[in-house]
Amino acid sequence: MKEFEREHQRRYGYVHPNREVELVTLRFRASVKSATAQLGTGAFARPGRAKLGSPSTPKATVVFDGKNFTTAIYSRDALKPGKTYSGPAIITEYSATTVIPRNQRFHLDHAGNLIVTIR
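Notes on the structure follow.

Right, let's talk about the pattern of salt bridges for a bit. In the structure shown here, the tally under the stated rule is four salt bridges. Residues Glu5 and Lys2 are paired through a salt bridge, measuring 3.7 Å at the closest nitrogen-oxygen approach. Of the two residues, Glu5 and Lys2 are both situated in helix H1 (residues 2-12); the distance of three residues between them amounts to about one turn of the helix. The exposure class assigned to Glu5 is buried, which follows from its relative accessible area of 14%. Accessibility expressed as a relative area gives 57% for Lys2, which makes it exposed. The shortest N-O distance in the salt bridge between Glu7 and Arg10 comes to 2.6 Å. Within this pair, Glu7 and its partner Arg10 are both found in helix H1, separated by three residues, close to a single helical turn. Among the residues examined, Glu7 registers a relative accessible area of 31% and is labelled partly exposed. Residues joined in a network through salt bridges with shared partners are Glu7, Arg10 and Arg11.

This next bit is on the packing of aromatic side chains. Overall, the coordinates contain four aromatic pairs when judged by the stated rule. Relative to Phe69, the ring of Phe64 has its centre 6.3 Å away and its plane inclined at 65°; by these criteria the two rings are edge-to-face. Exposure remark for Phe69: the relative accessible area of 21% places this residue in the partly exposed category. Between Tyr74 and Phe106, the aromatic rings sit 5.9 Å apart at their centres with planes inclined by 70°, giving edge-to-face as the arrangement. Here Tyr74, found in strand S2 (residues 67-75), pairs with Phe106, found in strand S6 (residues 105-108); they are 32 residues apart in sequence, far enough to count as distant. Comparing Tyr74 with Phe106, the two get one shared label, buried. Members of the aromatic cluster, connected to one another through ring pairs, are Tyr74, Tyr85 and Phe106.

Here we take up the sheet that holds strand S7 (residues 114-117). Read from one edge to the other, the open sheet built from three strands follows the order S3-S6-S7, with strand pairing classed as antiparallel. For this open sheet the edge positions go to strand S3 (84-86) and S7, each flanked by a neighbour on one side alone. Adjacent strand axes in the sheet meet at a mean angle of 25° when their direction is disregarded. By the bridge criterion, four bridges tie S6 to S7 in an arrangement that is antiparallel. Looking across to S7, one finds that His107 is bridged to Ile115.

This paragraph deals with a nonpolar patch on the surface. Residues Met1, Phe4, Val21, Leu23 and Leu26 make up a contiguous nonpolar surface patch of about 580 Å² in total accessible area. By secondary structure assignment, the location of Leu23 is in the loop between H1 and strand S1 (59-64). A residue is classified by how much of its surface remains accessible, and Leu23, at 64% relative accessible area, is exposed.

Right, let's talk about the sheet that holds S1 for a bit. Strand order in the open sheet made by the four strands is S1-S2-S4-S5, with mixed pairing throughout. Of all the strands in the sheet, the pair left with one neighbour each is S1 and strand S5 (97-100). Taken pair by pair, the neighbouring strands of this sheet meet at an average axis angle of 30°, ignoring direction. When S2 meets strand S4 (residues 89-92), the two strands line up parallel, connected through four bridges. Following the sheet pairing, Tyr74 is matched in S4 by Ile91.

The rules behind each value
- Residues numbered from 1 in each chain as written.
- Predicted model: local features only at pLDDT ≥ 70, side-chain atom pairs only at ≥ 80, totals over all residues.
- Heavy atoms only, no water.
- Salt bridge = Lys/Arg side-chain N within 4 Å of Asp/Glu carboxyl O.
- Helix = DSSP H or I, 4+ residues; strand = E, 2+ residues; numbered from the N terminus.
- Buried < 20%, exposed > 50% of the residue type's maximum accessible area, 1.4 Å probe, protein only.
- Phe/Tyr/Trp six-rings, centres within 6.5 Å; stacked < 30°, edge-to-face > 60°.
- Pairing = 2+ DSSP bridges.
- Axes fitted to C-alpha atoms, helices over the stretch in contact; angles between N-to-C directions.
- Patch = residues over 30% accessible without salt bridge, like charges linked within 9 Å, V, L, I, M, F, W, Y side chains within 5 Å.
- Areas by Shrake-Rupley, 256 points an atom, 1.4 Å probe, with all protein chains shown as cover.

Written as structure tokens, this is what we have:
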């Protein structure tokens, strides 16, 4: 905690040592070595090819709970508000990638918010 307080003092010019710390944004990046690396086709292999109105949604094999699952790759711009989708799925957009586990549902509301139902 002392390192956090030192960095906060350096960066912002003040510190409140008796207050609780609240994490607002936490970013996590991981990489895992794999014996066989297979890249999916579609959006990853050829950016810009998956467009609204495409005949099929790109798919890739993704590992969930140690098992391989064929997983739909959606561009968030291609999701239709009000339509319900099911995981497993990966939703890509400019500033984020959202992973939807299998057996979970998601949709865009009419304001464009991504709503994920966790069961």
